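# Fold and geometry: a report
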Amino acid sequence: MKERKFMMFDVMPTKDIVAWNAMVAGFALHGMSEDSIGFVLEMQNAGQRPNRSTVVSVLPVVGQAKALRQGRSIHGYCVRRYFDEDDIMVGTALLDMYGKCACLVYACRVFDSMSAKNEVTWSAMIGGYVVCDRMVDALEVFDQMMIEGSSKLASSSLASALRACTKLADLNRGKIMHNYSIKCGLLPDITIGNSLLSMYAKIGSVDDTVKYFDEMVFKDSVSYSAIISGYVQNGNVEEAFAIFRRMQLSDVEPDVAVMVGIIPACSHLAALQHGKCTHGLAIIHGLAFDVSVSNALIDMYTKCGRIDHGREVFDRMTKRDIVSWNTIIAGYGMHGLGKEAIFLFLNMQTDGIIPDDITFICLLSACSHSGLVTEGKHWFHAMTLNYGIKPRMEHYICLIDILGRGGFLDEAREYIRRMPFEPDVRVWGALLGACRIHKNIELGEQVSQMIEKLGHESTGNFVLLSNIYSAAGRFTEAAKVRIVQRDRGFVKSPGCSWIEIKGNIHAFIGGDRSHPQSRNIYQKLEDLLVEIKKLGYQPDTSFVLQDMDDEEKEHALLYHSEKLAIAFAILSLSSDKPIFVTKNLRVCGDCHTAIKLITLVSKRIIVVRDTSRFHHFHEGMCNCGDFW
DNA sequence: TTAGGGTTAG
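Small disclaimer: the values here were computed from a predicted structure and weren't measured.

So, on to the overall build of chain A. Counting secondary structure elements, chain A contains 33 helices and 6 strands. Considering only C-alpha atoms, chain A reaches an extent of 95 × 55 × 50 Å along its principal axes.

What follows is the structure in structure tokens.
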């Protein structure tokens with residue numbers, strides 16, 4: 001505010017209400033919420049009474065800052081001065097502010113009390129429900145508006161309604177709105193165009209999306225980021241890269257949102273070379289030092305196996321937000337570096353950032369991956385006692401995971417019993433996973449029954465129970481579980497591992513012989529098997545689900561996708577290069593043992609990312625301590 | 001006074 005001394009405003013000999021309001025609106029326009037709100041207080045101190053225009057200028061800023069306390073006091077001021085009576089603009093600004101502050105009860109109260117509403121009022125109410133994740137209600141208000149027909153249809157209302165359809169994955173309704181926007185002539189509106197594109201990319205087929213994208217007459221950076229992030233969130237990573245390349249050939253410049261959309265595509269593939277190229281592009285376009293882009297880069301590097309690069313990006317940031325800290329803490333957790341994760345958690349607070357509920361999920365999962373049972377329990381309780389954050393289902397899942405992996409199955413069961421809300425299938429799933437690790441058949445069966453009662457079986461849980469039986473040699477029961485799984489339509493997705501060599505992704509499925517170098521790969525694997533058997537490797541056939549004879553089982557294990565990817569990497573990379581493999585499922589226990597020994601015979605460092613974490617294999621050891 | 005794209009966990 002010091003610079004203000006030099007402003008025109010300060011040199012004005014007399015300041016009327018118009019001048020004060022212009023300043024409030026000016027700060028608001030530049031997103032300077034604190035200054036805008038502060039100025040309203042300052043004008044009152046200077047003896048100037050805010051009028052309707054002041055209120056209408058400052059309320060959107062209050063909403064943006066989610067400053068409910070100030071918003072309520074402004075509301076009180078409006079009531080005292082009768083501004084809220086029959087003034088559509090004041091009423092709309094108030095209800096919009098309440099909506100943005102997630103205070104829907106008040107938003108609705110203002111909305112219902114308004115005797116006259118215009119299209120902006122309806123739009124603000126629909127938007128309020130969308131902000132608060134109440135999509136069904138948002139669409140109900142939209143319908144009500146259409147039935148009443150007293151206001152014209154604002155494109156903002158349609159945009160919010162389309163967003164509700166997207167969140168609800170309601171493609172049919174979205175398509176109806178698409179037709180409706182054509183009828184109303186709203187399609188050329190870029191906001192509507194991009195909302196439709198975003199909807200198709202997030203819930204439609206790739207064909208639908210490309211068709212619509214190609215039909216768009218005008219495309220801006222929002223169009224590109226909408227389609228790219230929509231694709232990435234849906235797992236259509238290749239298609240996202242294709243659109244990104246099209247963008248580079250177009251005259252549209254990438255912006256922060258485009259970069260933040262495409263960077264996770266590299267993380268999905270664990271494609272470090274792609275990630276580095278994208279990082280380079282962000283630097284060229286002057287976007288690499290943006291907080292959100294840096295956050296996405298930290299995430300990308302940690303998920304591509306390079307926690308060191310992630311840390312470099314983190315250390316170089318001049319400004320960090322809560323996402324930066326959560327991302328780096330989660331990164332250390334994933335790499336099994338729990339102590340460092342706790343150290344950073346403490347550092348973030350000295351840096352003035354208050355941990356949120358997500359921070360604790362990152363921290364607890366870090367404790368789980370590092371076997372830090374005492375620390376995990378401590379932070380779970382401290383979260384409520386010292387930080388006032390009530391544990392959600394996700395926090396319980398982490399806690400059960402920590403206790404379960406650590407072998408404290410009874411304690412985990414007790415925590416579930418004492419939960420203040422009903423545990424969902426994921427909580428039971430965490431306990432079932434622990435039963436698999438610690439081979440506790442009795443509890444495993446009980447937990448499976450609980451999961452069945454909930455009626456939310458998933459493929460993963462069937463596989464876990466089947467594994468528990470197989471590990472105990474009870475193949476009849478294991479087979480029964482698999483039959484039930486098949487009859488109920490759950491299909492186990494095939495294990496797939498991939499590796500990036502010189503910027504190309506090579507993917508392998510178990511037993512796969514489609515790779516051009518398949519013969520060499522299988523030969524290499526046979527050679528490795530001979531070598532590691534000399535070191536005492538015995539195939540752990542309990543990880544084979546089928547009741548085959550031992551020789552068959554050994555073959556099924558030998559050709560698991562992660563082993564194929566590693567054999568190919570040893571053939572393709574010079575011996576000083578670490579090998580990074582990514583798998584779409586958890587690493588199998590037998591592969592885990594085999595890979596430890598492979599690091600000894602091949603003198604390689606092997607890093608495997610599975611769905612849960614990173615395994616750093618080096619000199620016959622894995623940093624997960626054999627719990628994952 | 002309203003509206004389109006983005007990063008963290010599970």
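On we go.
A word on the domain arrangement of chain A. When cut into domains, chain A gives domain 1 (1-116) and domain 2 (496-622). Here the C-alpha centre of domain 2 lies 63 Å away from the C-alpha centre of domain 1.

Moving on to the nonpolar core. By size, the foremost hydrophobic cluster in this structure holds 150 residues, and its most contacted members are Ile228 and Leu431. When neighbours within four sequence positions are excluded, Ile228 is seen to be in contact with Ala240, Ile243, Phe244, Val258, Gly261 and Ile262. Residues Ile501, Leu528, Phe568 and Cys588 belong to the second largest nonpolar core, which totals 34 residues.

So, about the protein's contact with DNA strand B. Lining the immediate environment of DNA strand B, one finds 47 residues, of which Ser156, Asn194, Ser225, Asp255 and Val256 sit closest. The share of sugar and phosphate among atoms of DNA strand B within 4 Å of the protein is 53%. Contact distances for DNA strand B include 2.8 Å between a phosphate oxygen and a side-chain N or O atom of Arg163. Side-chain polar atom of Ser225 to a base nitrogen of DNA strand B: 2.4 Å apart, as the coordinates give it.

Attention now moves to the environment of Leu432. Within the element layout of this structure, Leu432 appears in helix 26 (residues 425-437). According to the relative accessible area criterion, Leu432 is buried, its value standing at 0%.

Let us now look at the packing of helix 20 (residues 322-334) against helix 22 (residues 357-369). Contact geometry of helix 20 with helix 22 gives a least axis separation of 8 Å together with a crossing angle of 10°. Here helix 20 lies roughly parallel to helix 22, going by the angle between them. Between helix 20 and helix 22 the crossing geometry is left-handed. Counted together, Ile322, Asn326, Ile329, Ala330, Gly333 and Met334 of helix 20 and Ile358, Thr359, Cys362, Leu363, Ala366 and His369 of helix 22 form the full contact between these two elements.

Glancing now at helix 13 (residues 206-215). Given 3.6 residues per helical turn, the α-helix brings residues three or four places apart onto the same face. Within helix 13, burial applies to Thr209, Tyr212 and Phe213. One side of helix 13 carries all its buried residues, which in axial view fall inside an arc of 100°. Exposed residues lying more than 90 degrees from the buried face of helix 13 are Asp207 and Lys211. Buried residues in helix 13 make contact with helix 11 (171-183), helix 12 (190-203), helix 14 (221-233) and helix 15 (237-249).

A separate point is helix 12. Between its terminal C-alpha atoms helix 12 stretches 20 Å, which fits the 20 Å expected from 14 residues at 1.5 Å a residue. Extensive coverage of helix 12 is indicated by the burial of 10 of its 14 residues. Listed in full, the buried residues belonging to helix 12 are Ile192, Gly193, Asn194, Ser195, Leu196, Leu197, Ser198, Met199, Tyr200 and Ala201. Looking at the packing, one finds that the buried side of helix 12 touches helix 10 (155-167), helix 11, helix 13 and helix 14. For helix 12, the N-terminal cap is Asp189; the gap from its side-chain oxygen to the backbone nitrogen of Thr191 is 2.8 Å.

Moving on, we get to unusual backbone geometry. One non-glycine residue with positive phi stands out, namely Tyr82, at about 60°. Locating Tyr82 in the fold gives a position in the loop between helix 5 (68-80) and helix 6 (88-100). In this structure, Lys603 is a non-glycine residue whose phi angle is positive, near 55°. Along the polypeptide, Lys603 turns up in the loop between helix 33 (589-602) and strand 4 (606-609).

With that out of the way, let us pick up the side chain of Thr54. One can find Thr54 in helix 4 (residues 52-64). When near neighbours in sequence (up to four residues on either side) are disregarded, Thr54 contacts Ile17, Asn21, Val24, Val40 and Met43.

Feature annotation in UniProt places "repeat: PPR" (unreviewed entry) on residues 16-50, 118-152, 220-254, 290-320 and 321-355, given in this structure's numbering. The distance separating the terminal C-alpha atoms of residues 220-254 is 9 Å; by composition the span is 74% helix and 0% strand. Along residues 290-320, the helical share is 74% and the strand share 0%, with 10 Å between the first and last C-alpha atoms.

Moving on, we come to the side chain of Ser602. One can find Ser602 in helix 33. A relative accessible area of 15% means that Ser602 is categorised as buried. In terms of polar contacts, Ser602 uses its side chain to reach the backbone carbonyl oxygen of Ile598, at 2.6 Å.

This part covers the packing of helix 16 (residues 256-269) against helix 18 (residues 291-303). Between helix 16 and helix 18, whose axes approach to 9 Å, the crossing angle comes to 5°. Compared by their axis directions, helix 16 and helix 18 come out roughly parallel. For the pair helix 16 and helix 18, the contacting residues are Val256, Met259, Val260, Ile263, Cys266 and Ser267 in the first and Ser292, Val293, Ala296, Leu297, Asp299, Met300 and Lys303 in the second.

On to the pairing of strand 2 (residues 504-509), then. By the bridge criterion, 6 bridges tie strand 1 (residues 496-501) to strand 2 in an arrangement that is antiparallel. Considered in strand 2, the bridge of Trp498 is made with Ala507. Following strand 1, the chain reverses through 2 residues before pairing antiparallel with strand 2; Lys502 in that reversal takes a positive phi of roughly 50°.

The next subject is the pattern of salt bridges. This structure, assessed with the given rule, holds 25 salt bridges. Between Asp143 and Arg173 there is a salt bridge whose closest N-O contact spans 2.8 Å. You can see Asp143 sitting in helix 9 (residues 135-148) and its partner Arg173 sitting in helix 11, a full 30 residues away along the chain. Here Glu312 makes a salt bridge to Arg316, at a shortest N to O gap of 3.3 Å. Taken together, the positions of Glu312 and Arg316, both in helix 19 (residues 307-316) and 4 residues apart, correspond to about one turn of that helix. Residue classification places Glu312 among the partly exposed positions, given a relative accessible area of 40%. Taking the relative accessible area as the measure of exposure, Arg316 reaches 52% and is therefore exposed. It is possible to trace a salt-bridge network through shared partners that takes in Asp357, Arg392, Glu394, Asp424 and Arg426.

Now for the packing of aromatic side chains. For the coordinates displayed, the defined rule picks out 15 aromatic pairs. Arranged with centres 4.8 Å apart and planes meeting at 50°, the rings of Tyr522 and Tyr559 form a pair that is tilted. Note that Tyr522 is positioned in helix 30 (residues 518-534) and Tyr559 in the loop between helix 31 (550-558) and helix 32 (561-572), a separation of 37 residues in sequence. Of the residues examined, Tyr559 reaches a relative accessible area of 11% and is grouped as buried. One aromatic cluster in this structure is built from Phe345, Phe360, Trp379 and Tyr387. Over the face of the ring belonging to Phe213 we find Lys219, whose NZ or CZ atom lies 5.0 Å from the ring centre. Over the aromatic face of Tyr559 sits the side chain of Arg513, whose NZ or CZ is 5.8 Å from the ring centroid.

What counts, and at which threshold
- Residues numbered from 1 in each chain as written.
- Chains lettered and ligands numbered in written order.
- Predicted model: local features only at pLDDT ≥ 70, side-chain atom pairs only at ≥ 80, totals over all residues.
- Heavy atoms only, no water.
- Helix = DSSP H or I, 4+ residues; strand = E, 2+ residues; numbered from the N terminus.
- Domains from an automatic or database assignment.
- Core = buried A, V, L, I, M, F, W, Y, C linked by side-chain atoms within 4.5 Å.
- Buried < 20%, exposed > 50% of the residue type's maximum accessible area, 1.4 Å probe, protein only.
- Contact = heavy atoms within 4.5 Å.
- Near = heavy atom within 4 Å.
- Polar contact = N/O pair within 3.5 Å; in protein donor to acceptor, adjacent residues only side chain to side chain.
- Axes fitted to C-alpha atoms, helices over the stretch in contact; angles between N-to-C directions.
- Parallel < 35°, antiparallel > 145°, perpendicular 65-115°, else oblique.
- Left-handed = near helix turned anticlockwise from the far one by under 90°.
- Arc of directions from axis to C-beta.
- Expected span 1.5 Å × (residues − 1).
- UniProt positions renumbered as here; feature names shortened; annotations may be inferred.
- Pairing = 2+ DSSP bridges.
- Salt bridge = Lys/Arg side-chain N within 4 Å of Asp/Glu carboxyl O.
- Phe/Tyr/Trp six-rings, centres within 6.5 Å; stacked < 30°, edge-to-face > 60°.
- Lys NZ or Arg CZ within 6 Å of the ring centre and 35° of its normal.

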